[in-house]
Amino acid sequence: GKSSLINAILGELAPSPSSPGEGIALRTRKISYASQTPWILSGTLKDNILFGLPFRAQWFEQVVHACGLERDVSGFESGWDTLIGERGVTLSGGQRARLALARAVYYDADVVVLDDPLSAVDTNVGRHLYEKCINGILKDKTRILVTHQLQYIQPCDLVLLVENGTITAQGTYDVVMHAPNSKFAETLREFFARPGGVDDTVDDVAGEGGVPTDTTVPDKPPVETEPPPPQDLQKEDTARGTVPLTTYKTYFLTTPLPPLLLLLILLVLGEALSDVSSYFLAHWSSLPPASQQEVWNEWVFAALVVGTVLVSVVRALGFYFVGWRAGKVLFEGMLAAVVRCPGTFFQVTPHGRLMNRFSKDLSLIDEMLPQTLYDFTQCFFIIAGTIVISVAVIPHVLVAVPVVAAVFVGLRWYYLNTSRQVKRLESVTRSPVYSHIPSTLEGLSLVRAFSSEHTFLTHFYALQNENTRMFFMYLSCGRWLGFRLDMLGACFAATVAMVSVALGNGGMVGSGSVGLVLAYVLQLTGSLQWAVRQSAEVENLMISVERVLEYSR
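K.L.:
Any chance you could break down the overall build of the protein for me, citing the residues and the numbers?
P.N.:
Within the protein one finds 18 helices and 7 strands. In the protein, which comprises 553 residues, the share counted as buried stands at 45%. Accessible surface computed for the protein: about 28,100 Å², of which carbon and sulfur atoms make up 62%.

Rendered as structure tokens:
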């Protein structure tokens, strides 16, 4: 009931339908809020306290002293510039609570809402926070304190006693203490009736028993002894250069070698049957009319076509089986490696990086990589078959093939040097987006309480724009390559077509063979461009395999 009351004050809970218009949200006042579960941003200690506000050195020092953070920070090598992980996992529970309290105090609000900030600290630290912070630096502010520690109730100006979701008593300490028909009021009377009264406190650290302590508050704020957090969050590595051959080897060897060899044979056999059937059709059309009517021609052509279809279906199924098995093995390897990682790995690694690999990268490996790799392999064999047929029918074409191949390889190399690195940057800039969204949603009530919606939206837009900029640059690289490949392919097709027509008119090549070459060359224009683009896309997608293998070691 206490936290629900706080959320209602913050405007996070709407009034019930039975009492419309009776909300208690304090929207007209400047409010700061320290939640029961401290919400810590991934960043420096100073950033968490400032929360987007300008740095005021004198006020900052006063807040830090009141919240008992001085000696904690003095043990950190980087001081206030120490980086802490997501949700403050590198800090103790008490340190997180005091850091969140310092943020609420530094905001210098009219109303300070504190949802049980003393429960995560021990007795001495709790007394210091109560006297130096809540009743010290905040003494001129309106303070709403939620607590179940009875020793802090007596000095309060107004006490609300909440039981079973209902306010059973309210008023000064004396009024609440003598509230009738209240079990908590009875407990309150028993507590203050004990010898020592309010001076008898208990250690409220979770999981530890009560320890009587001296009631004297030391001059310097006590601290919890904790090892310093890691000084830097682990930065996400960005590989450079070509994707190593070991990455391809690891991907394909997730499938045993015999099925891979069988698949390679089926790929060669499928293209061979397709080319032989086309060549046989050209030969059949050039036969005399009487020979064309022979039945065996039909049976041979039908057998070649059926064989081509069957082999194509089997090789496609086999290829996608290899892709499915590779994705499965890579996922299992990364999952096993991450599960076995020590706790420090999760302290220095933002969750967005793990989400990026387990979602986007694995999605690309499972869905896009097999399809793109199959397209490239199919186009490669189609191009090889086209060149073989063209050279066999018109040997003059062989002169132009090395020139065209050299230009295509040069364009591909130039394109890959840029697009590969852009793809890596696009993958890296995606991780902060994945981290920012759940982190903001987790602390949404604090963001609204501090009126920082615009700040967080601006930061999200900046992260999203950076990722979109890389993605758009990647698409632009593809358009750059596509235009040049289209122009080069058109020039090659025009050259072959003119040579074929000239040789056909001279009677050096039959009309059926000329038609076959022209059909293949026209197909070559699209196939060659698509093969180059898909080969580049395969290498870019293999970056996802590279990133998954990085977390599989």
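Here the narrative resumes.
K.L.:
Lay out a nonpolar patch on the surface with the relevant residues and their values.
P.N.:
The grouping of Val305, Val309, Val313 and Leu317 at the surface amounts to a nonpolar patch, some 340 Å² of accessible area in total. In this structure, Leu317 sits in helix 12 (residues 295-339).

K.L.:
Run through the pairing of strand 1 (residues 31-34), naming residues and quoting values.
P.N.:
Burial along strand 1 is two-sided: Ile31 and Tyr33 and Ser32 and Ala34, pointing in opposite directions, are all buried. By the bridge criterion, 4 bridges tie strand 1 to strand 4 (residues 111-115) in an arrangement that is parallel. From the neighbouring strand, Ser32 faces strand 4, where its bridge partner is Val112.

K.L.:
A description of the packing of aromatic side chains should follow, citing residues and the corresponding values.
P.N.:
Following the criterion strictly, the structure yields 20 aromatic pairs and no others. Note on Phe280 and Trp284: the rings are 6.3 Å apart at their centroids and 40° apart in plane angle, and the pair reads as tilted. Of this pair, Phe280 and Trp284 both sit in helix 10 (residues 257-285), 4 residues apart, which is roughly one turn of the helix. Grouping residues by exposure puts Phe280 and Trp284 together as buried. For the pair Phe321 and Trp324, a centre-to-centre distance of 5.8 Å together with 35° between the ring planes defines the contact as tilted.

K.L.:
Tell me about the environment of Tyr106, residues and numbers included.
P.N.:
Structurally, the position occupied by Tyr106 is in helix 5 (residues 93-106). On a C-alpha basis, the gap between Tyr106 and Leu53 in space is 8.9 Å, while along the polypeptide they are 53 residues apart. Those residues in contact with Tyr106 that sit more than four places away from it in its chain are Ile49, Leu50, Leu53, Pro54, Phe55, Arg56, Trp59, Phe60 and Val63.

K.L.:
Help me get a handle on the pattern of salt bridges, residues and values and all.
P.N.:
Counted according to the given criterion, the structure contains 10 salt bridges. For Asp108, the salt bridge goes to Lys141, with nearest N and O atoms at 2.8 Å. Residue Asp108 is located in the loop between helix 5 and strand 4, and its partner Lys141 is located in the loop between helix 6 (123-137) and strand 5 (142-146); the two are separated by 33 residues in the primary sequence. When the shortest N-O distance is used, the salt bridge between Glu539 and Arg420 registers 2.8 Å. Of this pair, Glu539 sits in helix 18 (residues 511-550) while Arg420 is found in helix 15 (residues 400-442), placing the two residues 119 residues apart along the sequence. You'll find Glu539 and Arg420 in the same group, each marked buried. Salt bridges here are not isolated pairs; linked through shared partners, they connect Arg412, Arg420 and Glu539.

K.L.:
Residue-level account of unusual backbone geometry, with values.
P.N.:
Across the chain, the bulk of peptide bonds are trans and the bulk of non-glycine residues have phi less than zero. You will see that Phe51, though not glycine, has its phi angle at about 55°, which is positive. Counting through the fold element by element, Phe51 comes out in the loop between helix 2 (45-50) and helix 3 (57-66). Of note in this structure, Asp108 is not a glycine but carries a positive phi near 55°.

K.L.:
Provide a residue-level description of the confidence of the model for the protein, including the pertinent values.
P.N.:
Of all residues in the protein, 86% attain a pLDDT of 70 or more, and the chain-wide mean is 79. The spread of mean pLDDT over the elements of the protein runs between helix 8 (residues 183-193), the lowest at 71, and helix 12, the highest at 91. Segment residues 197-232 is flagged for pLDDT under 50; beyond a separation of four residues in sequence, or across chains, it makes 84 contacts in the model.

About the thresholds
Residues numbered from 1 in each chain as written. Predicted model: local features only at pLDDT ≥ 70, side-chain atom pairs only at ≥ 80, totals over all residues. Heavy atoms only, no water. Helix = DSSP H or I, 4+ residues; strand = E, 2+ residues; numbered from the N terminus. Buried < 20%, exposed > 50% of the residue type's maximum accessible area, 1.4 Å probe, protein only. Areas by Shrake-Rupley, 256 points an atom, 1.4 Å probe, with all protein chains shown as cover. Patch = residues over 30% accessible without salt bridge, like charges linked within 9 Å, V, L, I, M, F, W, Y side chains within 5 Å. Salt bridge = Lys/Arg side-chain N within 4 Å of Asp/Glu carboxyl O. Pairing = 2+ DSSP bridges. Phe/Tyr/Trp six-rings, centres within 6.5 Å; stacked < 30°, edge-to-face > 60°. Contact = heavy atoms within 4.5 Å. pLDDT = per-residue confidence, 0-100.

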